[in-house]
Amino acid sequence: MVDLVLGPLQRFADDTSATVWVETDAPCEVGVLGATARTFCVHGHHYALVEIADLDPTTTYTYEVALDGARVWPPADYDLPAPVIRTRGEGDAVITFGSCRGAAPLEPPWTLERDRDARGLGPDALTAYAHRMIDADARDWPDLLLLLGDQVYADDASPGTRAFIRQRRDTSEPPGEEIANFEEYTHLYRESWSTPLVRWLLSTVPVAMIFDDHDVIDDWNISQRWLDDIRATDWWHERILGGLVSYWIYQHVGNLSPKALTDDDLYQQVRAAHDAGDMLDAFAEAADRDPETARWSFNRRLGDDHLIVVDSRAARVLTEERRDMLDDVEWRWLEDLAAEPCRHLLIGTSLPVLMPHSVHDLERWNQQVVRGAWGRRAARWAEQVRQDYDLEHWPAFPRGFERMIRLVVDAASRSDGPETVTLLSGDIHHGYVSRLHVDADTPVHQVVASPMRQSVDPMLLKAYQVGVGPPGRAVARVLARLAGLGPSAIRWDRVSRTLFDNHVATITADARGVYLRIETAHQTRSHGPAELRRAITQRLA
Ligand SMILES: [Fe+2]
């Protein structure tokens, strides 16, 4: 009998429609709440995204998944609540978000902090969140779970995935125990999203997601030089195809609304193909060569509020003369959407725009030296520094940084603009809130929530604390000045404490404003889910 391999994942829900994604072990017809979809096939794997229409607003539907008419989910012995689809109505938008979730068993030593065991990633904040949700009133559940990058670590697989890779091929050859291709990616996703609580959470809360570097590789697209070097290896081609094709299937298509799916030619062709593997490989190849051929960014309307999620990885322009975080087509798409009327504007980007001030200056300095401010030899050295120290956030793309700041300032300054503007991001393994100084009544904040499950090397943490403090800030300022850069006219302050524990953030946007809660995960028992504790609660407006 045909069975589920992964899922169900609830990907989309608005007032009257929803989508549910599954992976199955054979071709079949997938049924959810009376709607059906045939599986499509990619390199021998089978998937379906079931589009459910004509639902009533503000209604909770308990659902089952049937394959060829036989119920497979929830299984008969399921000990978690049955999955539900909750359609939206008017009212608040509650978004829970986070990033950087390494996969490893949910038991010691992997649940220990890094200073107690080198294998430790600490407790999983997402599992803790799911566990707490089960006993909570469903009215307190979020409308959307937003995963802001590093959903899977292709370059740092878990012990289980590494064992799977060792069985398949000679790991003395590159890329060693990193993910090599599509087949290994399917294993990585299955492992990350199959633990019972997380599988339940993903079946019951609509989830949207965007990649960051580790979904493909550390420092993905940091610079043209990096890209030229990696393209010269004999393993990269298969990795990038596997990375983008699996991303399209496991993460991207579910970000789209039913209407966007209908309008998406590639999605329609994939559904009609006997095996769409070659077709998606060709698409991924083109997307990697020319970012303007693909759009991974997407947006969601949640009542009057507008969430735009920007791809700050694959849409980059890397040639040093034109270096930018987004290409022109992507910028125009983003600027048009950000100008549309809404109550609260939320912009998701895996990489923070407002970095600690010293890192901001260091990234500007580095970029200036790479461009030749200190001569050719220094430029080569600075490129190495850029790659070694991950100097690749928005300030490392000065043109993109300025354009993004202009975009949020314009939105905040428009007379018919939103009541608040909030950037949501992740990546950097510490969480905090910043406020941008804007000459307007509309507040502009950035919330960084990272990691959900990663460890911070204790030595690095010490270096970081010195680096972002007054001495580091002064040194970075001097370096920037020596590279010919004046002080930035753009000002922002950190308005929260800094979190290093694993955490998740929740934004509630309503008629009164925007309220933020960040909760950290703490392993109070040696086994079982961690406990969440409030670490930052703040009204942003
Ligand atoms: Fe990252």
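Bear in mind the structure is a predicted one, so any value in this text is a computation, not a measurement.

Draft legend 1. Spotlight on unusual backbone geometry. For the bond running from Pro174 to Pro175, omega is 10 degrees, close enough to zero to count as cis. With respect to the helices and strands, Pro175 occurs in the loop between α2 (159–168) and α3 (182–193). With an omega of 0 degrees, the peptide bond running from Ser450 to Pro451 counts as cis. By the secondary structure assignment, Pro451 is in the loop between β19 (444–448) and α14 (458–468). Even without a glycine there, the phi angle at Asp68 is positive, about 50 degrees. Despite not being glycine, Asp219 shows a phi value in the positive range, around 65 degrees. Its location among the elements puts Asp219 in the loop between β13 (207–209) and α5 (224–231).

Draft legend 2. Structural context of a nonpolar patch on the surface. Taken together, the side chains of Trp374, Trp381, Val478 and Leu482 define a hydrophobic patch exposed on the protein surface, amounting to about 410 Å² of accessible area. Mapped onto the elements of the fold, Val478 is located in helix α15 (residues 470–482).

Draft legend 3. The arrangement of the pattern of salt bridges in detail. All chains considered together, the criterion is met by 31 salt bridges. Taking the shortest distance from any N to any O, the salt bridge between Asp288 and Arg231 comes out at 3.3 Å. Of this pair, Asp288 sits in helix α9 (residues 277–289) while Arg231 sits in helix α5, and the two are 57 residues apart along the sequence. Classification of Asp288 by relative accessible area gives buried; the value is 14%. Take Arg231: its relative accessible area is 26%, and that puts it in the partly exposed class.

Draft legend 4. Broad picture of α15. Given a rise of 1.5 Å per residue, 13 residues ought to cover 18 Å, and the 18 Å separating the end C-alpha atoms of α15 matches this to within 8%. Those residues of α15 lying buried are Gly472, Ala476, Arg477 and Ala480. Taken end-on, α15 shows its buried residues confined to a sector of 135 degrees, consistent with a single buried face. Across from the buried face of α15, at angles greater than 90 degrees, the exposed residues are Pro470, Pro471, Val475, Arg481 and Leu482. Against the buried residues of α15 lie α11 (357–370) and α14. In the stretch just after α15, Gly484 is the one whose phi turns positive, near 90 degrees.

Draft legend 5. View of the nonpolar core. Membership of the largest hydrophobic core comes to 157 residues, with the highest contact counts inside it found for Val65, Trp220, Trp248, Ile249 and Trp296. The biggest single contributor to this core is helix α6 (residues 236–252), with nine residues. Those residues in contact with Val65 that sit more than four places away from it in its chain are Leu4, Pro8, Val22, Val30, Gly31, Val32, Ala70, Arg71, Val72 and Trp73. Counting residues in hydrophobic clusters, the runner-up holds six residues, among them Trp365, Val369, Val370 and Ala382.

Draft legend 6. Structural view of the coordination of the iron ion. Here the iron ion is held by the protein donor atoms Asp150 (OD), Asp212 (OD), Asp213 (OD) and Asp427 (OD), which lie 1.9 to 2.3 Å from it. One can describe the donor arrangement at the iron ion as tetrahedral, given that its four donor atoms subtend angles of 85 to 132 degrees at the metal. Each donor residue of the iron ion belongs to the same chain, and together they define the spacing D-x61-D-D-x213-D. Linking Asp150 in the loop between β12 (144–147) and α2 with Asp212 in the loop between β13 and α5, this pair joins segments that are 62 residues apart in sequence. With respect to class, Asp150 is no different from Asp212; both count as buried.

Draft legend 7. Here's a closer look at α9. Under the 1.5 Å per step criterion, the end-to-end length of α9 is 18 Å for 13 residues, consistent within 8% with the ideal 18 Å. Along α9, the residues classified as buried are Gly277, Leu280, Asp281, Phe283, Ala284, Ala287 and Asp288. What you see down the axis of α9 is that its buried residues fit within an arc of 165 degrees, all on one side. Projecting away from the buried face of α9 at angles above 90 degrees are the exposed residues Asp278 and Arg289. Those residues of α9 hidden inside the fold are in contact with β5 (40–42), α5, α6 and α8 (265–272).

Draft legend 8. Seen up close, the side chain of Thr422. The topology assignment puts Thr422 in strand β17 (residues 420–425). In contact with Thr422, other than residues within four places in its own chain, are Leu345, Leu346, Ile347, His445, Val447, Ile507 and Leu540.

Draft legend 9. Molecular detail of the sheet that holds strand β4 (residues 35–38). Here we have four strands laid out as an open sheet, ordered β4-β3-β8-β9, and antiparallel in their pairing. Among the strands making up the open sheet, the edge pair consists of β4 and β9 (70–73). Recorded for the sheet is a direction-independent mean angle of 30 degrees between the axes of neighbouring strands. Note: strand β8 (residues 65–67) against β9, three bridges, orientation antiparallel. For Ala66, the partnering residue across the bridge sits in β9 and is Arg71.

Rules used throughout
Residues numbered from 1 in each chain as written. Predicted model: local features only at pLDDT ≥ 70, side-chain atom pairs only at ≥ 80, totals over all residues. Heavy atoms only, no water. Helix = DSSP H or I, 4+ residues; strand = E, 2+ residues; numbered from the N terminus. Patch = residues over 30% accessible without salt bridge, like charges linked within 9 Å, V, L, I, M, F, W, Y side chains within 5 Å. Areas by Shrake-Rupley, 256 points an atom, 1.4 Å probe, with all protein chains shown as cover. Salt bridge = Lys/Arg side-chain N within 4 Å of Asp/Glu carboxyl O. Buried < 20%, exposed > 50% of the residue type's maximum accessible area, 1.4 Å probe, protein only. Expected span 1.5 Å × (residues − 1). Arc of directions from axis to C-beta. Contact = heavy atoms within 4.5 Å. Core = buried A, V, L, I, M, F, W, Y, C linked by side-chain atoms within 4.5 Å. Donors = N, O, S within 2.8 Å, 3.2 Å for Na, K, Ca; no water. Tetrahedral: all angles 85-135°; square planar, octahedral: opposite > 155°, others 65-115°. Pairing = 2+ DSSP bridges. Axes fitted to C-alpha atoms, helices over the stretch in contact; angles between N-to-C directions.

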